[in-house]
Amino acid sequence: MWVRFLLAVLVACVSLNLPAQVKSYPCSKQIEKGQFDKALKKLNKILEKDPNDCEVNYAVYRYYFAKDNPDYSIRGAYLSLALANELYARVDEKEQAKLRKKGYSFDFFRQQLETVTQAAYDQAQASNTISAYNEFLRDYPLASAALRGKATATRNSLAFTQAVEQNTITAYKTFIAAYPEAVEVRQAQAKIYELAYAEALRENTIAAYRKFIDNYPQAPQVGQAQGKIYSIAYAEATQVNTIGAYQQFIKWYPYAPQAKSAQDKIYAMAYAEAEKQGTEDAYRDFAQRYPNSPKRDEALQRAEAVHNADLLATLPSHPDIPTLRQAITSWTGPARDSCLLMLHDIYASSYEITDLRDFYDDYGDEPFLSELKAHDQSAMEYADYGDSDAFIRAAAPYPSALHALRNGVASYMESGQWSEAKRIVASYADVFGNDHAYRDFLRILSEPYDKSIKPVNLGKNINTSGEEIAPVISADGKSLLFCGEDRNDNLGAEDIYISRWTSKGWGKAVLFPDVNTAYNNESPKSLSADGTKLTLFKDGRLYYCDKGRYGWQEPEPFSENINISDWQSDAMMTSDGRAMLFAADKKTGYENSGSTNIYVSLLDEDGNWGPPIDLGQTINTSLDERSPFLHPDMKTLYFSSEGHSSIGKYDVFMSTRLSEDSWTEWSEPINLGKEINSLENDCWYKISTDGKTAYFSKGMGNGADIYSLNMPAHLRPRPVATISGKLRDAHNNPVATTLRWEDLESREQVGQSHTDPQDGSYFIVLPTGKNYGYYIDDDEYFPVAENIDLRNTDEAVQIEDNVTVATFEQMIEEEIPMPLNNLFFDTGKYDLLPPSIAELNRVIGILQSRKLKVEISGHTDDVGTDADNQILSERRAEAVRNYLVENGIAAELLTTKGYGESRPVATNKTEAGRRKNRRVEIKFMK
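Analysis parameters
- Throughout this document, residue positions are counted from 1 along each chain, in the order its sequence is written.
- Local features in this predicted model are restricted to residues whose pLDDT is 70 or higher, and side-chain atom pairs enter the listing and the counts only when it is 80 or higher, whereas totals over whole chains, interfaces and linings include all residues.
- The side-chain quantities take in all heavy atoms of the structure and omit both hydrogens and water.
- Pairing of aromatic rings covers Phe, Tyr and Trp, the last through its six-membered ring, and needs centres within 6.5 Å; plane angles under 30 degrees mean stacked, over 60 mean edge-to-face, and all others mean tilted.
- By definition, any uninterrupted DSSP run of H or I lasting at least four residues is a helix, any uninterrupted run of E lasting at least two residues is a strand, and each is numbered from the N terminus.
- Exposed residues in this analysis have more than 50% of their type's maximum accessible area, buried residues have under 20%, and partly exposed residues fall in between, with area computed by a 1.4 Å probe over protein chains only.
- Whether a charge sits over a ring depends on NZ of Lys or CZ of Arg being within 6 Å of the ring centre and within 35 degrees of the ring normal.
- We call two strands paired when DSSP finds no fewer than two bridges between them.
- The contact rule is simple, with two residues in contact once any of their heavy atoms fall within 4.5 Å.
- Here an angle of 0 to 180 degrees is reported between the N-to-C directions of two axes, which are lines fitted to C-alpha atoms, with helices fitted over the stretch in contact.
- We define a salt bridge as a side-chain nitrogen of Lys or Arg found within 4 Å of a carboxyl oxygen belonging to Asp or Glu.
- Remark: nonpolar core denotes a set of buried residues (Ala, Val, Leu, Ile, Met, Phe, Trp, Tyr, Cys) joined through side-chain atoms within 4.5 Å.
- Angular relationships are summarised with four words: roughly parallel below 35 degrees, roughly antiparallel beyond 145, roughly perpendicular across 65 to 115, and oblique for the angles in between.
- Crossing handedness is defined as follows: a turn of the near helix away from the far one that is anticlockwise and smaller than a right angle gives a left-handed crossing, while the clockwise case is right-handed.
- Note on residue classes: Ala, Val, Leu, Ile, Met, Phe, Trp, Tyr, Cys and Pro are nonpolar, Asp, Glu, Lys and Arg are charged, and everything else, Gly too, is polar.
- As a per-residue measure, pLDDT reflects the predictor's confidence and takes values from 0 up to 100.
- Throughout, the arc means the angular range of directions from the helix axis out to the C-beta atoms.
- The definition used for a disulfide is geometric: two cysteine sulfur atoms within 2.5 Å.
- Here, patches come from residues exposed beyond 30% relative accessible area and free of salt bridges, joined within 9 Å for like charges and within 5 Å for nonpolar side chains (Val, Leu, Ile, Met, Phe, Trp, Tyr).
- Shrake-Rupley sampling with a 1.4 Å probe provides the accessible areas, and residues are treated as covered by the protein chains on show and by no other component.
- Positive: Lys, Arg. Negative: Asp, Glu. His and the chain ends are not part of the count.
- All charge positions are set by atom: Lys at NZ, Arg at CZ, Asp at CG, Glu at CD.

**Q** Describe the packing of aromatic side chains, with residues and values.
**A** Taken as a whole, this structure holds 51 aromatic pairs when the rule is applied. Here Trp-506 and Tyr-695 contribute two aromatic rings whose centre-to-centre distance is 6.3 Å and whose plane-to-plane angle is 80 degrees, an arrangement assigned as edge-to-face. Residue Trp-506 is located in strand β5 (residues 505–506), and its partner Tyr-695 is located in strand β21 (residues 693–698); the two are separated by 189 residues in the primary sequence. Side by side, Trp-506 and Tyr-695 carry an identical accessibility label, which is buried. By the ring-pair criterion, three or more aromatic residues cluster together here, those being Tyr-25, Tyr-58, Tyr-61, Phe-65, Tyr-72, Tyr-88, Tyr-104, Phe-106, Phe-108 and Phe-109. The ring centre of Tyr-140 lies 5.7 Å from the NZ or CZ of Arg-75, which sits over that ring. Residue placement shows Lys-698 over the ring face of Tyr-707; its charged tip is 5.6 Å from the ring centre.

**Q** Tell me about the sheet that holds strand β32 (residues 853–859), and name the residues and values.
**A** Paired through backbone hydrogen bonds, the strands of a sheet run either parallel or antiparallel to each other. The mixed open sheet is built from four strands, whose spatial order is β31-β34-β32-β33. Looking along the sheet, the strands with just one partner apiece sit at the ends: β31 (818–819) and β33 (894–898). Contacting β32, β33 and β34 (919–925), helix α30 (residues 866–886) runs over the sheet at an angle of about 160 degrees to β33.

**Q** Pulling in residues and values, what's your account of the pattern of salt bridges?
**A** Scanning all chains against the criterion turns up 40 salt bridges. One continuous salt-bridge network, built from bridges that share partners, spans Glu-275, Lys-295, Glu-298 and Arg-302.

**Q** Report on the nonpolar core, specifying residues and quantitative values.
**A** Most often, soluble globular proteins have nonpolar side chains that are buried together. Grouped together as the largest cluster of nonpolar side chains are 53 residues, with contacts concentrated most on Phe-175, Phe-212, Tyr-216, Phe-249 and Tyr-253. If one sorts the elements of this core by residue count, helix α13 (residues 222–240) sits on top with eight residues. One finds Ala-335, Phe-359, Ala-379 and Tyr-398 within the second-largest nonpolar core, a separate group that totals 50 residues.

**Q** Go over the packing of helix α15 (residues 259–277) against helix α16 (residues 280–289), please, and point to the residues and values.
**A** At a minimum axis distance of 8 Å, the contact between α15 and α16 shows a crossing angle of 165 degrees. Comparing the axis directions of α15 and α16 gives the class roughly antiparallel. Every pair of crossing elements has a handedness; the one defined by α15 and α16 is left-handed. For the pair formed by α15 and α16, the contact residues are Tyr-267, Ala-270, Tyr-271, Ala-274, Glu-275 and Gln-277 on the first element and Ala-282, Tyr-283 and Phe-286 on the second. The residue inventory of the contact of α15 with α16, partitioned by class, reads seven nonpolar, one polar and one charged.

**Q** Quick rundown of the sheet that holds strand β13 (residues 579–584)? Include the residues and the values.
**A** Read across the open sheet, the four strands follow the order β12-β13-β14-β15; overall the sheet is antiparallel. Of all the strands in the sheet, the pair left with one neighbour each is β12 (568–573) and β15 (613–614). Both β12 and β13 contribute to a ladder of four bridges, which runs antiparallel. By the bridge assignment, Ser-569 is partnered in β13 with Ala-583.

**Q** Residue-level account of the confidence of the model for the protein, with values.
**A** This prediction gives the protein a mean pLDDT of 90; 97% of its residues lie at or above 70. Low pLDDT (under 50) marks residues 1–20, which in the prediction has eight contacts with non-local residues, meaning those over four places away or in another chain.

**Q** Any chance you could break down helix α20 (residues 356–363) for me, citing the residues and the numbers?
**A** Within the span of α20, buried status applies to Leu-356, Phe-359, Tyr-360 and Tyr-363. Looking down the long axis of α20, one finds its buried residues gathered within 90 degrees of arc, a one-sided arrangement.

**Q** Lay out the side chain of Gln-112 in plain terms, naming residues and giving numbers.
**A** For Gln-112, the position within the fold is in helix α7 (residues 106–127). Those residues in contact with Gln-112 that lie beyond four places of it in its chain are Tyr-58, Tyr-61 and Leu-81.

**Q** So, the state of the cysteines: which residues are in play, and what are the values?
**A** In total, this model carries zero disulfides according to the counting rule given. For Cys-27, which is in no disulfide, the shortest distance to another cysteine sulfur is to Cys-54 and amounts to 15 Å. No disulfide involves Cys-683; its sulfur sits 14 Å from that of Cys-483, the nearest cysteine. A relative accessible area of 7% places Cys-683 in the buried class.

**Q** I'd love a proper account of the packing of helix α8 (residues 130–139) against helix α9 (residues 145–166), names of residues and values included.
**A** For the pair α8 and α9, the least separation of the axes is 9 Å and the interaxial angle reads 150 degrees. Taken together, α8 and α9 sit at an angle that is classed as roughly antiparallel. Of the two elements, α8 crosses α9, and the hand of that crossing is left-handed. On the side of α8, the interface is formed by Ile-130, Tyr-133, Asn-134, Phe-136 and Leu-137, while α9 contributes Leu-147, Arg-148, Ala-151, Thr-152, Thr-154, Arg-155, Leu-158, Ala-159 and Gln-162. Its residues assigned to classes, the contact of α8 with α9 shows eight nonpolar, four polar and two charged.

**Q** Outline a positive patch on the surface, listing residues and values.
**A** Together, Lys-29, Lys-33, Lys-38 and Lys-42 make up a region of like positive charge exposed at the surface. Position of Lys-38 among the secondary structure elements: in helix α3 (residues 36–49).

What follows is the structure, given as structure tokens:
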């Protein structure tokens, strides 16, 4: 009995899951009898009243799915049935119960959908085309997973067969892109690899193989392609057969099996070149560059031998006491005698003649020195008589004699009896001969006194009853810094003050922000030309501090390459930002006793200050030299010295740098004259950028004030160019960044500066004589560049240039074009001129690192015909593209356009405007 009961329940449950059969639906009789027109009219009337009637939509399905109906449509049947199914799901439970009594249910609709979609699939299968299966998959989303899977698999198979018939990379890529889930994708990808590698083999170039590797890094043929690259590249290096070619091969292909052979060739060629040059530097450079070469030890031995030979030849121009003593000990014959004479001259150059005794204590028994010794003994015997005529005549032309002569006429100079002082000094012309310091001293005494050169006290806004010394003038002439002591507003002992230039003159001086302390002596030494780095003195050491967005940062000491002794001061950074001149209490190699001397430290590529370089015997003497100031013309040096032709204690001198590649070659210093120099200390002269005004301090203690004077024309530096403005981004925000400038002829960087981080302002000073390009050097911003040609300029130039910059991201996202301002063409031509190379190489660096697509566009002014300008703009853009391609940029990344005169950025009514319109721009494309 229980078995029968359970069986009945099971049958009932199964029956509940079976779809009911709908025996009657609207217009069912007409449809079943084939009265389709009559049924259609009636169904349309019903649908007009209620288009959301589930039964009527089911009836429409039956209408379209009747095979003998002229309107038979599987698609129409499917859509009506799907709608009926959806409407059934939407109705409330009560309405759904009524429909279930008539046979409708979810299972019923599912069964009907399976029927109609099977018919659709059969139809697609009969057509058996890719489009037919795609239409099925698109038009019948409610089809079962099994049907859709069959349709998808068959469609994919047909598509792959089609790709195989075409057998091209494009066909296979199109297949993969269209059907990424197809089982044939792996086969298609393998076909792509085979075809692409075959194409690379046919071309058989590095570019072709590299393109294959870049495009298909997972291909099994990558190893073969890389091997081909190695072989071709090594063959090319062998054909060129230079060190550079082999180095480039190793740099690009360090893991190539040919790398060792290339390195061996480098060793052999480099050593042959060192032997050809035969210099110490050549051999040492070889040993340093190639420490693993089997020829390294031999090169060092040869370097030592050449060094000893060169030393004798170079000692006369760069003598120093330790080297000379070593050479005198090691050498014999004429070479040793030459070194003895050079060592004697060093001791004789001292302003204390008694220093010669140290020399004769060691070498007084040398026979060939007997005549010289007799002269010097006479001078040393009279040394105790100070400025006596006997001593002067015995010691001349040594500096000690001139020093004694100066002391002898000091009283006449102090009382203004210049003629009498001149008469006495001129009477010694026979013993001093053509000695430069003596002639300069005599010149000062002989020249009439120029009353127009008159110091002017800067007034109560600067000077007080306290002490004001060590003025520093900013390169733009708008700020004056100085050291103040015993002032009412002092924070500590010595503090730094600043005054701003106004329309009424110098404003009220106030404490310089952030850097003064109550427990140290602070004194300003220099302000960088861009105004962002302050150099200062604190208790015997040199410090610097940088200007940040929120003020001046904490002072930091310079490295031991600048703080080289127990005391150093008077530092100044050159206007190109690449050198620091300073005075230090450290004796040079050509001094017997110590004194304060002037040194320079150079900034290396990593931003570190290098070892100090002594400015040499032309500048430094055995007495003190201080307060160096190299004008922004990078040639004219002003400094103070107790030696040379000084008429008092410290005098201010001027000297010219003779070579821009040397810091030890200077013209003989010229004393600035008796109108500027006095018998007291004259120090800390700073010359304005225009060269017209000198700022200095006079007096001692509480009597010291800051003065200025108009520089006489013959004492002024060379004219310079100044470029100033503000650097802002696309949203008008200040940009804190680095500016660099370069010589467009040599393509060498020759200077750098920074924008003010608070307002984006910049100030550049450039010496005349070069064709400059200056540009932004920042990883975030496009390196906007400008040009100024000063090759034929002998006058001061002032330019204001506000610059708007864009980040690389802005250029890419907003497709902002940026001009390449430092490209140069002859008028009406499109051949790139050599000064363009620096700008183009920067663009190459950007494109190599970012691999962006670029549009290069050419533009002209409105001079000439529209047609000629259009052609010229196109050809200039093409010239840029060709250079980039020739230097390693993929051609497919570059497109060109010429816009002729159609897109001006400035007026064509002025030459300046037309110059801006004649341009080439680049635009990064998404």
